[in-house]
Amino acid sequence: MKTATGTLVISNGRLLDGNGGTPCDHGCLVATDGLITYVGSAEAAPPVPADAVRIDAGGGTIMPGLVEAHFHPTYFNVAALEDLDIKYPVEYVTLLAACNAKLALECGYTSARSGGSLFNIDVWLKKAIENDLVPGPRLAASGREICGVGGLMDWNPDFRKIGMDGLVLLVNGPDEARSAVRKLVKDGVEWVKTYPTGDAAAPDVNDHHTLCMTFEEMHAVVQTAHNHSMKVTGHCRATEGIKNALRAGYDAIEHGTFMDDEALDLLLARDVPVVPALYFEKASVEHGPAIGMPQAVIDGHQETLEGGAESARKILAAGGRLGMGGDYGFAWNPHGDYAKELAFFVDYVGLAPLTVLTCATRTGAEILDRSHEIGTLEVGKLADVLVVDGDVATSIDLLTDRNTFIAVVQGGIVKAGRLATAR
Ligand SMILES: [Zn+2]
């Protein structure tokens, strides 16, 4: 991805550096050739060349670009789960994924980690973004997900003979689990996404307390993935599934819904980050009745919502790490709503806004293993910066409205926001 040439100065705003400390009023950020060269008070800012590009934050906020840590670029606001793999051909879903990536950037997400994708679309989407062919977040790709046969993601009945190949590699036993990971190695995947447990969405046979992979399968996935320098994460709701994942050596946990004390100890022992992706549950409970969601599914989402919120609070209180991301891409939880996750963690879960912002920036960068480059506003890092009209530290919900962005800056280049539109 290209970075800017020349000097960029962003001033006249409250600066949040992403580390969670006290905001710097009258802040200023200077970037040279796309890299941050000064962050601090405007009074102490160094002199800059006369031809520097200047952005006036208008008394608003200067903060790091957001990291969407559980991004499904190929989910196209589907009304039913089955649509994810059969409604459109891969050619069309690729175009939809490119639109979703552009939208995510416009929403202030300058980086993202895929949480699973149809075929290899996210791998190639990443290449297109890196080559500046399409705008989007700096992406980490997951490709197809891995799930046990008969598990949550194995939903197409055998009589249809269409399998689940596009979205999921189905495995039976550790040998097939190894084989599935080896396929992903060739595909260019960085994060292997698995399904250790079920979900409230499938109350009859794969609910949120059901296991969908064995420990042996999960361990085989980790051994093979780590051998090839890939990381492993998984959809973990049931307590036993979380423990299996942590004991198998997972690098991150998605959801981490029902954590008990033992699971928390296992988590903290290796400082494994959790991405709760929890706003989806609230959206499902709220919109479920209107879209005809069965009551058992709504009840399951309610239980997940409460369990997940409790676990998230416990994890942070114990010194663990949370990343912010969500299952956006459903009709009732569409792309573009990503920052509702952040407002939800303040309003519903009860976390402090600056804590949530750190989860959504610094921790996100750590999950991507790119904290040396992105995630905070610090000298030497890439100038991935948001300039927001208003005080985000006191009104985090400003981030849910992309019209409040004065500028979304990636590598020192204004990619979205009012200043981009005005050109
Ligand atoms: Zn997901």
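A brief structural summary. It should be emphasised that the depicted structure is a prediction, and the values quoted were computed from it without experimental measurement.

### Digging into the packing of helix H6 (residues 239-248) against helix H7 (residues 261-270)
Then comes step 1: With their axes 9 Å apart at the nearest point, H6 and H7 run at an angle of 25 degrees to one another. By the angle between their axes, H6 is roughly parallel relative to H7. For the element pair H6 and H7, the recorded crossing hand is left-handed. On the side of H6, the interface is formed by Ile-242, Lys-243, Ala-245, Leu-246 and Arg-247, while H7 contributes Glu-262, Ala-263, Leu-266, Leu-267 and Arg-270.
Then comes step 2: Of the residues that constitute the contact of H6 with H7, the class distribution is six nonpolar, no polar and four charged.

### Observations regarding the nonpolar core
Then comes step 1: Counting residues in each nonpolar core, the largest one holds 104 residues, and the members touching the most others are Ile-146, Leu-342, Phe-345 and Leu-399.
Then comes step 2: Looking at this core, the element that brings in the most residues is helix H2 (residues 90-106), giving eight residues.
Then comes step 3: For this core, the two domains that each supply at least three residues are domain 1 (7-64 + 375-421) and domain 2 (66-338).
Then comes step 4: Leave out the neighbours within four places in its chain, and Leu-399 touches Met-63, Leu-66, Ala-339, Leu-342, Leu-357, Val-388, Val-392 and Phe-405.
Then comes step 5: Among the nonpolar cores identified, the runner-up in size contains 17 residues, and Ile-10, Ala-57, Leu-377 and Val-414 belong to it.

### Side note on the packing of aromatic side chains
Then comes step 1: Enumeration over the complete set of coordinates arrives at 13 aromatic pairs.
Then comes step 2: Both rings, one in Phe-71 and one in Tyr-338, keep their centres 5.9 Å apart while their planes meet at 70 degrees; by these two values the pair is edge-to-face. In this pair, Phe-71 sits in strand E5 (residues 66-71) while Tyr-338 sits in the loop between helix H9 (295-317) and helix H10 (340-347), placing the two residues 267 residues apart along the sequence.
Then comes step 3: Taking relative accessible area as the criterion, Phe-71 reaches 1% and is therefore assigned buried.
Then comes step 4: Here the aromatic rings of Phe-280 and Trp-332 are separated by 6.0 Å at their centres, their planes lie at 40 degrees, and the arrangement is tilted. Within this pair, whereas Phe-280 is found in helix H8 (residues 279-287), its partner Trp-332 is found in the loop between H9 and H10, the two being separated by 52 residues in sequence.
Then comes step 5: Look at Trp-332 and you get buried, because its relative accessible area is 13%.
Then comes step 6: Pairwise contacts between aromatic rings join Phe-71, Tyr-109, Tyr-279, Tyr-328, Tyr-338, Phe-344, Phe-345 and Tyr-348 into one cluster.
Then comes step 7: A cation over a ring is seen here: Arg-113 above Trp-191, with NZ or CZ 4.5 Å from the ring centre.

### Comments concerning H7
Then comes step 1: Within H7 the residues assigned to the buried category are Ala-263, Leu-264 and Leu-267. Angularly, the buried residues of H7 cover 100 degrees about the axis, an arc narrow enough to put them on a single face. Exposed positions of H7 whose direction lies more than 90 degrees from the buried face are Asp-261, Asp-265 and Ala-269.
Then comes step 2: Its buried side turned inward, H7 meets H6, strand E12 (253-255), strand E13 (274-275) and H9.
Then comes step 3: Where H7 begins, the capping side chain belongs to Asp-260, and its oxygen is found 3.2 Å from the backbone nitrogen of Glu-262.
Then comes step 4: Phi for Asp-271, located one or two positions after H7, is positive at around 50 degrees.

### Description of the sheet that holds strand E4 (residues 53-64)
Paired through their backbone hydrogen bonds, the strands of a sheet run either parallel or antiparallel.
Then comes step 1: One open sheet holds the seven strands; their spatial order is E3-E2-E1-E4-E14-E15-E16, and the pairing between them is mixed. Every interior strand has two partners, whereas the edge strands, strand E3 (35-41) and strand E16 (413-416), have only one. Here the average twist between neighbouring strands, direction ignored, is 40 degrees.
Then comes step 2: Where strand E1 (residues 7-15) meets E4, seven bridges bridge the pair, whose relative direction is parallel. In the strand pairing of E4, Arg-14 is matched with Thr-61.

### A short note on the coordination of the zinc ion
Then comes step 1: Coordination of the zinc ion by the protein involves His-70 (NE2), His-72 (NE2) and Asp-327 (OD), with metal-donor separations of 1.9 to 2.1 Å.
Then comes step 2: Going along the chain, you hit the donors of the zinc ion in the pattern H-x1-H-x254-D. In this pair, His-72 sits in the loop between E5 and helix H1 (83-86) while Asp-327 sits in the loop between H9 and H10, placing the two residues 255 residues apart along the sequence. The same class applies to His-72 and to Asp-327, which are both buried.

Parameters at a glance
Residues numbered from 1 in each chain as written. Predicted model: local features only at pLDDT ≥ 70, side-chain atom pairs only at ≥ 80, totals over all residues. Heavy atoms only, no water. Axes fitted to C-alpha atoms, helices over the stretch in contact; angles between N-to-C directions. Helix = DSSP H or I, 4+ residues; strand = E, 2+ residues; numbered from the N terminus. Parallel < 35°, antiparallel > 145°, perpendicular 65-115°, else oblique. Left-handed = near helix turned anticlockwise from the far one by under 90°. Contact = heavy atoms within 4.5 Å. Nonpolar A, V, L, I, M, F, W, Y, C, P; charged D, E, K, R; others polar. Core = buried A, V, L, I, M, F, W, Y, C linked by side-chain atoms within 4.5 Å. Buried < 20%, exposed > 50% of the residue type's maximum accessible area, 1.4 Å probe, protein only. Domains from an automatic or database assignment. Phe/Tyr/Trp six-rings, centres within 6.5 Å; stacked < 30°, edge-to-face > 60°. Lys NZ or Arg CZ within 6 Å of the ring centre and 35° of its normal. Arc of directions from axis to C-beta. Polar contact = N/O pair within 3.5 Å; in protein donor to acceptor, adjacent residues only side chain to side chain. Pairing = 2+ DSSP bridges. Donors = N, O, S within 2.8 Å, 3.2 Å for Na, K, Ca; no water.

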